[in-house]
Amino acid sequence: MDRLSNTVRPYAWGSTTAIPELLGIAPTGEPQAEMWMGAHPGAPSRLTRAAGTGEAGPEQPLTDVIAADPERELGRATVEKFGPRLPFLLKLLAAGAPLSLQVHPDLAQAKQGYEDEERRSVPIDAPHRTYKDANHKPELICALTPFAGLCGFRRPTEAAEAMAALGVDSLKPYVDLLGAHPEEAALREVLTAILSADPTEMAETVNLAAAAAERLGGAHAPYARIAHHFPGDPGVIAAMLLNYVELQPGEALFLGAGVPHAYLDGLGVEIMANSDNVLRCGLTPKHIDVPELLRIVRFEATDPGVLRPEASPSGEELYETPVDEFRLSRFDLSPGAAPVDLTRGTPQILLCTGGAPKAGELGLTPGASVFVPAGEEVEVSGTGTLFRATVVA
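Residues numbered from 1 in each chain as written. Predicted model: local features only at pLDDT ≥ 70, side-chain atom pairs only at ≥ 80, totals over all residues. Heavy atoms only, no water.

## Focus: the pattern of salt bridges
- A complete count under the given rule lists 23 salt bridges for this structure.
- Residue E59 is joined to R46 by a salt bridge in which the shortest nitrogen-to-oxygen separation is 3.5 Å. Taken together, the positions of E59 in the loop between β4 (46-47) and β5 (60-61) and R46 in strand β4 put the pair 13 residues apart, joining distant regions of the chain.
- Under the relative-accessibility criterion, E59 is labelled partly exposed at 47%.
- In this structure, E73 and R72 form a salt bridge, with 2.7 Å as the shortest nitrogen-oxygen distance.
- Through salt bridges with shared partners, one network takes in D2, R49, R72 and E73. (Salt bridge = Lys/Arg side-chain N within 4 Å of Asp/Glu carboxyl O. Helix = DSSP H or I, 4+ residues; strand = E, 2+ residues; numbered from the N terminus. Buried < 20%, exposed > 50% of the residue type's maximum accessible area, 1.4 Å probe, protein only.)

Structure (structure tokens):
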């Protein structure tokens, strides 16, 4: 197996302290939003693999290692099912401010959208480009600290009550719409109206709503905090259509295609299919493709579905999801316990989030990770918490 060296992405919404605290290093004062573990071409992990002589070779990207011999690194079943690349990306995600309100397409929508933009010769790096690849982007976030987010539409009547309580006259048309239609039509009509409103008028509505939410506090307090980071943004009002969720450490959310969501605050382990396809709904200065967004969003009220892991006799605690590109589980290793065999015929990344466990002979500290090629024997031992990322193949 190989110890990984990983890139930390300095997105503006990132916490300045959460990832440094986990790693046990001094903060730089700059946002440290995500630490990427995997073979995403934008920031692949790096490793130093011993040469045939036993001497350490030069550091190289995991993308190059996999490309040199996909079947050896990923296993034949993984390559046959997903192609010659690692199909997931594992992250430490540290939100100090809200991320953009967003949705992801399903696989058919991603392929169609990507092919359409390629046919129209939209540059891949154009600000108005929506589809960066032809893959879907299901994802799972597991809280390491208390973690706040928005996930899926709540019932229109609940959203109407929350808006009405603010006492803002310009919200009354949305309140009326939410109470006058079947759920799907109500949610679609109101989100369309919010995103299509005159920007100046909407900014005034948002500022009035934020002030009222600040006064009311309680269940309205999250929207005041969101507006503090994004004054005048229509996404503040759109956020009131969604379920507000607070995860405790160890709890998780699965975000499937078409489900609007945003992470607001906290540190977690995130895993996703290897894709960059994001359609934004608000809380961002970036391009919002309203017609395409409305085509992708699933307009249905849902329970956010907080996940808690299922324990097995081996001690593995699995977060069940309906996708094959990734499989995330957790091990809490106790003092004096027997080593646990994690050998598997698929590629794995092991991430330590607490304590000082060992993967084989490699000692790990919080934030350290290793890549285990398919079929390579590996035991974990010692004391601490390990997350295991792999695929279903």
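Alright, that's what it looks like, and here's the rest.
## Remarks on the packing of aromatic side chains
- Per the counting criterion, the structure on display carries three aromatic pairs.
- Ring geometry for F147 and Y263: centres 5.5 Å apart, planes at 75 degrees, overall edge-to-face. Taken together, the residues F147 in strand β9 (residues 147-153) and Y263 in strand β12 (residues 261-273) connect sequence positions 116 residues apart. Of the two residues, F147 and Y263, neither departs from the other in class, the shared state being buried.
- A ring pair is formed by F153 and F299, whose centres lie 5.6 Å apart and whose planes are at 20 degrees; its orientation type is stacked. Here F153, found in strand β9, pairs with F299, found in the loop between α12 (290-296) and β14 (310-311); they are 146 residues apart in sequence, far enough to count as distant. In this structure, F153 and F299 share a single accessibility class: buried.
- The ring of W36 carries the charged tip of R9 above its face, separated from the ring centre by 4.5 Å. (Phe/Tyr/Trp six-rings, centres within 6.5 Å; stacked < 30°, edge-to-face > 60°. Lys NZ or Arg CZ within 6 Å of the ring centre and 35° of its normal.)

## Looking at helix α6 (residues 156-165)
- Of the residues making up α6, those classed as buried are P156, A159, A160, A162 and M163. Buried residues of α6 fall within an arc of 165 degrees about the axis and therefore sit on the same side. For α6, the exposed residues lying more than 90 degrees away from the buried face are T157 and E161.
- Structurally, α6 contributes buried residues whose contacts are with α7 (172-180), α8 (183-196) and α11 (235-239).
- Taken from the residues just after α6, G167 is the one with a positive phi, measuring 70 degrees. (Arc of directions from axis to C-beta. Contact = heavy atoms within 4.5 Å.)

## Some words on the sheet that holds strand β22 (residues 379-381)
- Spatially, β17-β22-β19-β20 is the arrangement adopted by the four strands of the open sheet, whose pairing is antiparallel. The sheet terminates laterally at β17 (340-341) and β20 (362-363), the two strands that pair on one side only.
- Across two bridges, the pairing between β17 and β22 is antiparallel. When the bridges of β22 are listed, D341 appears paired with E379. (Pairing = 2+ DSSP bridges.)

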